[in-house]
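# Descriptive analysis of the structure
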Amino acid sequence: MSETLARAGGDGGAAARPRKRIIVLTGAGVSQESGLATFRDAGGIWARYRIEDVATPDAYARDPARVLDFYTQRRAQLRDPAIDANDAHRALARLAGSDRHELLLVTQNVDDLHERGGSAGVLHMHGELFKTRCLACDRLVDDRADLTVARACDGCGAAGRLRPHVVWFGEMPLELDRIYSELMDCDLFVSIGTSGHVYPAADFVRAARSAGARTLELNLEPSEGATSFHDARYGPASILVPAWVDEILA
Ligand code: BV8
């Protein structure tokens, strides 16, 4: 696996056993027990909003105020001190610290709970809620403030050109080349808390399997891609993930 991966400690000396290369993909289910709504469960985000109205480039072009308000509300919720990382996030950070494994943590989530649970180098393939991009000058900044049409870019001063740094439907996810090259070179692919509904993330298990990796699904219930996994365990992530990490580290 390339050096871009978080080296999991250890001196890497010649005598060192080869590290097990693990790729973990997470979805909204890993943050559900932290209090963040998922997308497709009962009462989920897409039960209250239409994707076409709030999560596509056309929606933003047609009614930017509505789209920015959707993300402003999600930012406000994520700023709420009652929302914090859970045991699943923390267990994955523990795994990254192992000197016998190399972990690439890819998340579809735009929240920062993996980071708050202790993970570093998280690959946010659908972007990040606490980042804002200016369409006039392409400036990308950390930003937790409300997004409004009137707000001007601190860099170029243009107003009405700011958007959340998230990947909308119809837009290319981030770092796909890097993800696919790591999938071709991993020993174990683990999918956690995702419905397997959104592509290309839903395709990763097939790519990993075709390259010879073992595949495992940890989810509340069978995902749409359940039959593509060698192994599966069903239940809440805050129970399943720490138990699985303990097994891996034993
Ligand atoms: C693209 C950011 C390429 C915004 C999101 C085939 C190939 C390529 C594309 C497509 C294709 N088929 C269709 C498409 C188009 C589309 C797509 O997939 N549509 C779907 C609706 C069919 N894909 C795209 O548009 C993607 N772009 O492919 O570009 C391209 C581009 C240009 C030109 C040519 C090609 C972009 C997709 C990214 C969209 N942005 N989010 C935001 O967050 O607001 S997607 C959104 O869905 C979130 O990122 C979310 O993470 C993601 C996936 O949802 P999940 O995370 O899985 O959440 P969900 O609620 O669905 O499921 C939760 C699961 O957790 C459930 O299974 C539940 O049982 C479980 N769970 C619940 N509680 C717990 C739990 N598990 C454990 N413990 C618990 N406590």
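Provided above is the structure to which this section pertains.
This write-up is about the structure you can find in this document.

Rules used in this analysis
- Residues numbered from 1 in each chain as written.
- Predicted model: local features only at pLDDT ≥ 70, side-chain atom pairs only at ≥ 80, totals over all residues.
- Heavy atoms only, no water.
- Helix = DSSP H or I, 4+ residues; strand = E, 2+ residues; numbered from the N terminus.
- Rg over C-alpha atoms; globule rule 2.2 N^0.38 Å.
- Buried < 20%, exposed > 50% of the residue type's maximum accessible area, 1.4 Å probe, protein only.
- Contact = heavy atoms within 4.5 Å.
- Areas by Shrake-Rupley, 256 points an atom, 1.4 Å probe, with all protein chains shown as cover.
- Lys, Arg positive; Asp, Glu negative; His and termini not counted.
- Charge placed at Lys NZ, Arg CZ, Asp CG, Glu CD.
- Phe/Tyr/Trp six-rings, centres within 6.5 Å; stacked < 30°, edge-to-face > 60°.
- Lys NZ or Arg CZ within 6 Å of the ring centre and 35° of its normal.
- Near = heavy atom within 4 Å.
- Nonpolar A, V, L, I, M, F, W, Y, C, P; charged D, E, K, R; others polar.

## Re the overall build of the protein chain
A count of helical and extended segments in the protein chain gives 10 helices and 9 strands. What you see for the protein chain is a C-alpha radius of gyration of 19 Å, in line with the 18 Å of a compact globule of 250 residues. Principal-axis analysis of the C-alpha atoms places the extent of the protein chain at approximately 60 × 40 × 35 Å. Taking all 250 residues of the protein chain together, the buried fraction comes to 49%. Expressed as a percentage of contacts within the protein chain between residues at least 6 apart in sequence, the contacts between residues at least 24 apart total 65%. Just so you have it, the protein chain exposes about 11,500 Å², and 51% of that area is on carbon and sulfur atoms. Measuring between centres, the 29 positive side-chain charges of the protein chain sit 1 Å from its 36 negative side-chain charges.

## Here's the deal with the packing of aromatic side chains
Centre-to-centre distance and the angle between the planes together describe a pair of aromatic rings. Following the criterion strictly, the structure yields 9 aromatic pairs and no others. Ring plane angle 35° and centroid distance 5.4 Å describe the contact between Tyr60 and Trp168, whose orientation is recorded as tilted. Placement of the pair is Tyr60 in helix α4 (residues 57–62) and Trp168 in the loop between β6 (162–166) and α8 (176–183), with a sequence separation of 108 residues. For the pair shown, Tyr60 and Trp168 are each scored as buried. Judged by centre distance (6.3 Å) and plane angle (45°), the ring pair of Tyr71 and Trp168 falls under tilted. Pair noted here: Tyr71 is in helix α5 (residues 64–79) and Trp168 is in the loop between β6 and α8, with a separation of 97 residues, a long-range link. In this structure Tyr71 comes out as buried when scored by relative accessible area, which is 3%. What makes Trp168 buried here is its relative accessible area of 2%. Over the aromatic face of Trp168 sits the side chain of Arg163, whose NZ or CZ is 3.6 Å from the ring centroid.

## Things to note about the site of the ligand
Taken together, 35 residues lie around the ligand, and Arg40, Arg74, Val167, Thr194 and Ser195 are the ones closest in. Here the ligand has 1,500 Å² of accessible area as a free molecule, and 79% of this is covered by the chains. For the shell around the ligand, the secondary structure elements donating two or more residues are α1 (29–32) and α5. In terms of residue class, the shell around the ligand is built from 15 nonpolar, 14 polar and 6 charged.

## Some words on the side chain of Gln108
With respect to the secondary-structure elements, Gln108 resides in the loop between β2 (101–107) and α7 (113–116). Ignoring any residue separated from it by four or fewer positions in sequence, one finds Gln108 in contact with Leu25, Thr26, Gly27, Met125, His126, Thr194, Val198 and Ala201.

## A short note on unusual backbone geometry
Residue Pro200 is reached from Tyr199 by a cis peptide bond, and omega for that bond is 0°. Considering the arrangement of structural elements, one finds Pro200 in the loop between β7 (188–192) and α9 (204–210). Phi is positive for Asp138, close to 70°, though the residue is something other than glycine. When its relative accessible area of 56% is taken as the criterion, Asp138 is described as exposed. Of note, Glu175 is a non-glycine position whose phi angle comes to about 60°, a positive value. The topology assignment puts Glu175 in the loop between β6 and α8. For Glu175, a relative accessible area of 41% corresponds to the partly exposed category.

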